[in-house]
Structures are given as C-alpha cells and as structure tokens.
Amino acid sequence: MYEREYTTRRKRYRQLMIREGAGGLLVSNPADVRYLCGFTGSSAMALLLENAGYLVTDFRYKEQAALEVIGLRVIIRASGFGEVLSRLLKGRRGVKLAFDTESLSYAQVVDLRAALKGRARLTPLRSPLGLLRASKSRSELDTIKNAIRLAQKAFQEAVSVCGEGKRERDLALALDTAARRGGAEGRPFDTIVAGGPRGAMAHARPGGRRLRGFTVVDWGVVYKGYCTDMTRTLAFGKVDSRLRKAHGLVLEAQRRALEKIKPGARAREVDRAAREVIEEAGYGDFFGHGLGHGVGLEVHERPWISGESRDRLEEGMVFTLEPGIYLPGRGGVRVEDMVLVTLRGAELLTTLPRGLDPAEYLV
Ligand code: ZN
Ligand code: ZN
C-alpha cells in the first residue's frame, strides 16, 4: 500500500475526531489499526492526536512494527496500555479522547478511565469508526478482485475433484487446500458445506454426510489481509422441486437488490427489494437473516445490508448480497455474491456462474 494512502486515511480519521469534538482518538480494532498504519499484529492501539500519532504495542511485535508501521510513532509498552497512554497524554489535562464502543470491552474502558484520570476524558464515538473503511480505494479494490479470483478458482478446483458420493468434509478440505495452494493466507471463517436437511441450518459445519441433493457451500479466503465471502448452492443427483423453486426465487431476489444499488441509496431499501420477492412467493418466514454485509479487512463489516441498517450506500463500498431460503427438514438454498457500488450502480465482483449443476463449475 502506498504511503499517500495512509496519509489520506489519517486525515479522515482526524476529521472524524474533530467532528466528534474530541482532541484525541483511540483506535483499538485490529482491522482499523491495520487500515490506519499498516500494522498487522493482533494486539495494539493507535492514538491519534491533532498533531501527533502513536502505535502502542508490546515486545512481541517490536520488529514487525518497525517494518510495517507507516506514519505513526511506534511505542513498545512495558506496562499497561492505560499507563502508556497516560504518559503520552501528559500535559493535555482533560483532553476528550474518543474511543470505539464496538471494539473496547467494558472492562477495558473501566481500566483506561482509571489510568487516564485527570489526563483525559474517555468518551464513546457517536459514529461508527468502521464506516471509514467501508468505501474502498482503487488499490484495495485491486486486492479484493484478486482475492475473489483466487476464491472462485479454489471453488472450481474443489468441485472438479470432489463430486457426488464424496463427503461434505472432503469438499470443504479440497476447497481450503485449493485456496491455500492458490495463495490464500487463510480463511475468514470455517468453510460451510451443508447438504440435505442440514442445508436448512444457515451456518452448518461440514460433516461425514455424502454429497447428495441440495448442498450449500459458503467459503472465503483471506488474501493480503482482505477477505472474500461467497456462497453457491449445488444440486447433486435427485433434487427437491420446492428447493429448486426456492433457488430461482433467491436469484430473482438478488437481481432486484442489484437494481436498487447506487450511491445514496439506503441499505435497508436494498434489503427490502430482495425480501419482497421472497415474501411475495410465500417464503418470507424462511429468510430470517439480513441480505448482506460489507467485506474488507474484516469479513463482516460496514455497511450492514439489513432491515435495521441505517447505512447509506457510497461509491466504492463492497458488500455481499446473500438471500437464502431455509426449509426445516428439507434443506436450504443460498446464493452469495460480492458487489461494488459505482456511480453507475452495482458492479458484480463475483463472476462465477450461479447454477445448481456442479458441471457448470468444472475446470
Ligand atoms: Zn458467506
Ligand atoms: Zn456473508
């Protein structure tokens, strides 16, 4: 990532800090920390002040921080975060320090309050910090597109070597192996392969069941820090006609959602457009989760695409559309693609076919 990009990001974080009326901003979610300065360690806090910025971590990350951190002064702590922050804030009596309510635990806030007493007033951020990462830059989009290519290729390879008669866990393993071989650093969640009635569980784990009937495969890769999240439903052998119909509905729901996507649109209206298709067909009770979520350095991040979301779409946002229908005792269908918001509307980033027939995916 280019140094200029980090400068821009720091500027945007400081603008948010000023909007919040704060003199300091405490960044604690590892994905935010990485976004802000490039540090990939799992234990650190970044402190932004109007005219200074620090990355506080510990001995384990000393060398890594020296290599990775861009634009912030690295502090290796030998005592608690609170004590170190208190020292860094010396002389700034009563500065308002904004923190992210979604990533600090209550216990951490209590400890920090005690340590910073008289130095800083910790106040919760009103606007979610994660929104700053929601619109992706050109270089982030390049990385995400490469990650998607890798994930799709892994899926096609796995389906090619692991078909009907094999077990769910064989397919999951084949997928994971193909992804790692293709250059993935890891996976953002455990691969889901759920066939038959188990497909009705949205987050089932792959087991020893043979692949037959409707099978939901939900998988992701992490590549250069960026995640992917996609789902295909495959039909092995004899198939259930109600589920086949449900699959068609899910595809139609996705198409309607795509039409609603443009900068300025409300995320909840995108959810509504898809949900209406499923409700009108009488399957509303069987689609019990949100339509989608942002994907980036975290696999679930802003914007939220759901009925309760208050997020508005902006150019550059990347998120999933994953309508599903789950029929208890019968099985489930879900199709999940990744999309990008552009000035002209939605751009589908996933390029895999969407059909039920495994043959469509063979390489
Ligand atoms: Zn998924
Ligand atoms: Zn998802």
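Structure: see above.
Here's a quick rundown of the structure. Once a new chain begins, its residue numbering starts again from 1 and follows that chain's sequence as written. Here the convention is simple: chains get letters from A, ligands get numbers from 1, in the order in which they are written. Note on the predicted model: pLDDT of at least 70 is required for a residue's local features to be given, and 80 or more for side-chain atom pairs to be given and counted; whole-chain, interface and lining totals, by contrast, use all residues. Water and hydrogen atoms were dropped before computing side-chain values, which therefore reflect all heavy atoms in the structure.

The rule for donors is simple: N, O or S, within 2.8 Å of the metal, or within 3.2 Å if the metal is Na, K or Ca. Water isn't counted, so a site may look like it is missing partners. For the zinc ion (ligand 1), every protein donor is listed as Asp218 (OD), Asp218 (OD), Asp229 (OD) and Glu336 (OE), and the spread of their distances is 2.0 to 2.4 Å. Square planar and octahedral sites, with four and six donors, are those where opposite donors lie more than 155 degrees apart and all other angles lie between 65 and 115, tetrahedral sites have four donors with every angle between 85 and 135 degrees, and the rest are irregular. Here the zinc ion (ligand 1) binds four donor atoms, and the angle range of 56 to 144 degrees at the metal identifies the geometry as irregular. Spacing between the donor residues of the zinc ion (ligand 1) along their common chain follows D-x10-D-x106-E. Separating the zinc ion (ligand 1) from the zinc ion (ligand 2) is a gap of 3.2 Å, which Asp229 spans by donating to each of them. Placement of the pair is Asp218 in strand 8 (residues 213–219) and Glu336 in the loop between strand 16 (331–334) and strand 17 (337–342), with a sequence separation of 118 residues. Each helix is a run of DSSP H or I of at least 4 residues and each strand a run of E of at least 2, with the numbering of both proceeding from the N terminus.

As a further point, take the coordination of the zinc ion (ligand 2). Around the zinc ion (ligand 2), the protein supplies Asp229 (OD), His293 (NE2), Glu322 (OE) and Glu336 (OE) as donor atoms, at distances of 2.1 Å. Angles of 79 to 159 degrees at the metal separate the four donor atoms of the zinc ion (ligand 2), which places the site in the irregular class. In primary-sequence terms, the residues that donate to the zinc ion (ligand 2) follow D-x63-H-x28-E-x13-E.

Bringing unusual backbone geometry into the picture now. Omega for the peptide link from Arg302 to Pro303 comes to -5 degrees, which places this bond in the cis form. Phi is positive for Lys224, close to 50 degrees, though the residue is something other than glycine. Here Lys224 shows up in the loop between strand 9 (222–223) and strand 10 (226–227).

A word on the sheet that holds strand 11 (residues 230–236). Any two strands with at least two DSSP bridges between them are considered paired. On the basis of which strands lie adjacent, the open sheet formed by three strands has the order 7-8-11 and antiparallel pairing. Strands with a single pairing partner mark the edges of an open sheet, and in this sheet they are strand 7 (192–195) and strand 11. Neighbour to neighbour, the strand axes of the sheet diverge by 15 degrees on average, direction disregarded. The pairing of strand 7 with strand 8 spans four bridges and is antiparallel. By the bridge assignment, Val193 is partnered in strand 8 with Val217. Whether two residues touch is decided by their heavy atoms; if any such pair falls within 4.5 Å, the residues are in contact. A fitted line through C-alpha atoms represents every axis, and for helices the fit uses only the stretch in contact; the resulting angles, taken between N-to-C directions, go from 0 to 180 degrees. Here helix 7 (residues 168–181) sits on the sheet and contacts strand 7 and strand 8; the angle it forms with strand 7, its principal contact strand, is near 155 degrees.

Turning next to the environment of Lys262. Residue placement: Lys262 occurs in the loop between helix 8 (241–260) and helix 9 (267–280). Taking the C-alpha atoms as reference, Lys262 lies 46 Å from Arg87; in sequence the two are 175 residues apart.

What follows concerns the packing of helix 8 against helix 9. At a closest axis distance of 8 Å, the pairing of helix 8 and helix 9 adopts a crossing angle of 150 degrees. Relative to helix 9, the element helix 8 is oriented roughly antiparallel. Seen along the crossing, helix 8 lies across helix 9 with a hand that is right-handed. Residues Leu249, Glu252, Ala253, Arg256, Ala257 and Lys260 of helix 8 form the contact with helix 9, whose own contacting residues are Glu269, Val270, Ala273, Ala274, Val277 and Ile278. Any residue outside Ala, Val, Leu, Ile, Met, Phe, Trp, Tyr, Cys, Pro, Asp, Glu, Lys and Arg is labelled polar, Gly included; the first ten of those are nonpolar and the last four are charged. Across the contact of helix 8 with helix 9, the residue classes break down as eight nonpolar, no polar and four charged. For this classification, under 35 degrees means roughly parallel, over 145 means roughly antiparallel, 65 to 115 means roughly perpendicular, and everything else is oblique. What makes a crossing left-handed is the near helix being turned counterclockwise from the far one by less than a right angle; a clockwise turn instead makes it right-handed.

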